Amino acid sequence: MYRILVLHGPNLNLLGTREPQHYGRETLAEVNARIERAAAALGVSVDCRQSNHEGQLIDWIHEARGERDGLILNPGAYTHTSYAIRDAVAAVGLPTVEVHLSNIHAREPFRHVSVIAPVALGQIAGFGPYGTCWRCMLGAAPQ
Ligand code: CA2
């Protein structure tokens, strides 16, 4: 069974409380429940964690080496600034998908740059909490 680590970065613990126009109305617990349902349907194990601290996120990425098969990462605003998280992702060499709730390319110019993207397999942005759900990306009803 594939073992995936899902990391949510700074301020994502506030989901569902403010800025629904960017981040939707679901709480982080609801987003994690959605991820866990999708993982169960795929026969994949997931471990979802959130931190507001760059060093904590880096420690979890390091610990994933040899313990996980892949990483799904929403680095929050560290996306745009953190060479340290980028180096950690590159160092562990795990296949990593960068995910954003909002379409960072349609927002302020500073959000258009991701320092993580060059070391990720790819990026999913703008599908809100449905970023892990291929049926939703194709326009089907949310699961
Ligand atoms: O769209 C995303 O997922 C982001 O990674 C979210 C980050 C932002 O800095 C990135 O540019 C794009 C911010 C997360 C803040 O989350 C909040 C949730 C509710 C209320 C306030 C902030």
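Scroll up for the structure.
Not measured: the values here are computed from a predicted model.

*Asks:* What exactly am I supposed to notice about helix 2 (residues 28-42) here?
*Replies:* If you check helix 2, its first and last C-alpha atoms are 21 Å apart, about what 15 residues at 1.5 Å a residue would give, namely 21 Å. The secondary structure elements touched by the buried residues of helix 2 are strand 1 (3-8) and strand 2 (45-50).

*Asks:* Would you explain the nonpolar core in this entry?
*Replies:* Across soluble globular proteins, nonpolar side chains show a tendency to be buried alongside one another. Grouped together as the largest cluster of nonpolar side chains are 17 residues, with contacts concentrated most on Leu-7, Ile-61, Leu-71, Leu-73 and Ile-85. Secondary structure elements with two or more residues in this core: strand 1, helix 3 (54-64), strand 3 (70-74) and helix 4 (83-92). Looking at this core element by element, the count peaks at five residues for helix 3. Excluding residues that lie within four positions of it along the chain, Leu-71 makes contacts with Leu-5, Leu-7, Ile-61, Val-89, Pro-95, Thr-96 and Val-97. Formed by eleven residues, the second largest nonpolar core is a distinct cluster that contains Ile-4, Leu-12, Leu-28 and Val-31.

*Asks:* Sorry, what's going on with the site of the ligand here?
*Replies:* By nearness alone, 17 residues border the ligand, and Asn-74, His-80, Leu-101, Ser-102 and Arg-111 come closest of all. The fraction of the free accessible surface of the ligand (510 Å²) that becomes covered by protein chains is 96%. Taken together, the residues that form the shell around the ligand break down as eight nonpolar, six polar and three charged.

*Asks:* Explain the sheet that holds strand 3 to me, please; I cannot follow it from the model alone.
*Replies:* Sheets are built from strands paired through backbone hydrogen bonds, the pairs being either parallel or antiparallel. Across the sheet, five strands lie side by side as 2-1-3-4-5; this open sheet has parallel pairing. Of all the strands in the sheet, the pair left with one neighbour each is strand 2 and strand 5 (122-125). Strand-to-strand twist across the sheet, computed as the mean angle between neighbouring axes with direction ignored, equals 20 degrees. Seen against the sheet, helix 2 touches strand 1 and strand 2 and runs at an angle of roughly 165 degrees to strand 2.

Here is what the cut-offs are and how they apply
Residues numbered from 1 in each chain as written. Predicted model: local features only at pLDDT ≥ 70, side-chain atom pairs only at ≥ 80, totals over all residues. Heavy atoms only, no water. Helix = DSSP H or I, 4+ residues; strand = E, 2+ residues; numbered from the N terminus. Expected span 1.5 Å × (residues − 1). Contact = heavy atoms within 4.5 Å. Core = buried A, V, L, I, M, F, W, Y, C linked by side-chain atoms within 4.5 Å. Buried < 20%, exposed > 50% of the residue type's maximum accessible area, 1.4 Å probe, protein only. Near = heavy atom within 4 Å. Areas by Shrake-Rupley, 256 points an atom, 1.4 Å probe, with all protein chains shown as cover. Nonpolar A, V, L, I, M, F, W, Y, C, P; charged D, E, K, R; others polar. Pairing = 2+ DSSP bridges. Axes fitted to C-alpha atoms, helices over the stretch in contact; angles between N-to-C directions.

Read these as geometric descriptors, not functional statements.
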